Amino acid sequence: RRLLAVFAVGLTLRIGYALSHPPGPAAGDALGYQELAVSLVEHGEYRGSDGTRAARPPGYPLFLAAVYAALGRSPAAFVVVQTLLGTLACLLVAFAAETLLGEDWLLPAGLAAVGYYGLVEPTAGLLSEALYSPCLAAAAAALAWRPAASWRSALASGLAFAAAGLTRPEALPPATLIL
């Protein structure tokens, strides 16, 4: 029931935030992600409008292209998926806290993640943090997963850290040290 409470509050907060902060026209980093995702969907090429191919890590543009290919290119498509991912990140934080610290920590840690602005704001925009944060939360949850010393735990954590690193490269040094 506590995980369900974290899910319900997290989803409600993110939906409310997304409805009160509708995505505007893409600019800056968001425009770069948008251009790469559209290029992938329409031309099958990882190329920005200026012809660059390596200006950004591929994780978030690939994720965005997959969302566009599956659900269409409307802002509602990526907002729905990012809302679910942000809520999932809260559940993963709650799970990791419960596993590492005990069952009394599930609800406080989960609700802290639910209300943390850095996990709410990416819901409504083209921000790589929308994918990066759930990947980091998944890596932490996998490391906390019992038995933590198992190869499954290490593999799951490694895959989550790899996805985080493909989204934002600053994940790689700590991931290397942790794994």
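Above this text you will find the structure in question.
This is a predicted model, so every value here is computed, not measured.

1. Considering the layout of surface pockets
A volume near 170 Å³ is recorded for the largest pocket. Taken together, 14 residues line the largest pocket, and the ones lying closest to its centre are Pro23, Gly24, Ala26, Phe78 and Leu126. When contributions to the lining of the largest pocket are tallied by element, the ones reaching two or more residues are helix 2 (29-43) and helix 4 (75-101). In terms of residue class, the lining of the largest pocket is made up of ten nonpolar, three polar and one charged.

2. Some words on the environment of arginine 56
Within the fold, arginine 56 resides in the loop between helix 2 and helix 3 (59-71). In this structure, the C-alpha to C-alpha distance between arginine 56 and proline 169, residues 113 residues apart in sequence, is 9.8 Å. In contact with arginine 56, other than residues within four places in its own chain, are Gly28, Asp29, Gly32, Tyr33, Leu36 and Tyr46. A distance of 3.2 Å separates a polar atom in the side chain of arginine 56 from a polar atom in the side chain of aspartate 29.

3. Some remarks on the pattern of salt bridges
Scanning all chains against the criterion turns up six salt bridges. Across the salt bridge formed by glutamate 98 and arginine 2, the nearest N and O atoms sit 3.7 Å from each other. Here arginine 2 lies in helix 1 (residues 2-20) and glutamate 98 lies in helix 4, a separation of 96 residues in the sequence. Under the relative-accessibility criterion, glutamate 98 is labelled partly exposed at 25%. For arginine 2, a relative accessible area of 33% gives the class partly exposed. A salt bridge links glutamate 45 to arginine 47, with the shortest nitrogen-to-oxygen separation between them at 3.2 Å. Salt bridges sharing common partners tie together Glu129, Arg168 and Glu170.

Conventions adopted
- Residues numbered from 1 in each chain as written.
- Predicted model: local features only at pLDDT ≥ 70, side-chain atom pairs only at ≥ 80, totals over all residues.
- Heavy atoms only, no water.
- 1 Å grid on protein atoms, 1.4 Å probe; cavity = no way out; pocket = protein on both sides within 12 Å on 5 of 7 lines; lining within 4 Å.
- Points joined across faces, edges and corners; volume = space filled by probe spheres on them.
- Helix = DSSP H or I, 4+ residues; strand = E, 2+ residues; numbered from the N terminus.
- Nonpolar A, V, L, I, M, F, W, Y, C, P; charged D, E, K, R; others polar.
- Contact = heavy atoms within 4.5 Å.
- Polar contact = N/O pair within 3.5 Å; in protein donor to acceptor, adjacent residues only side chain to side chain.
- Salt bridge = Lys/Arg side-chain N within 4 Å of Asp/Glu carboxyl O.
- Buried < 20%, exposed > 50% of the residue type's maximum accessible area, 1.4 Å probe, protein only.

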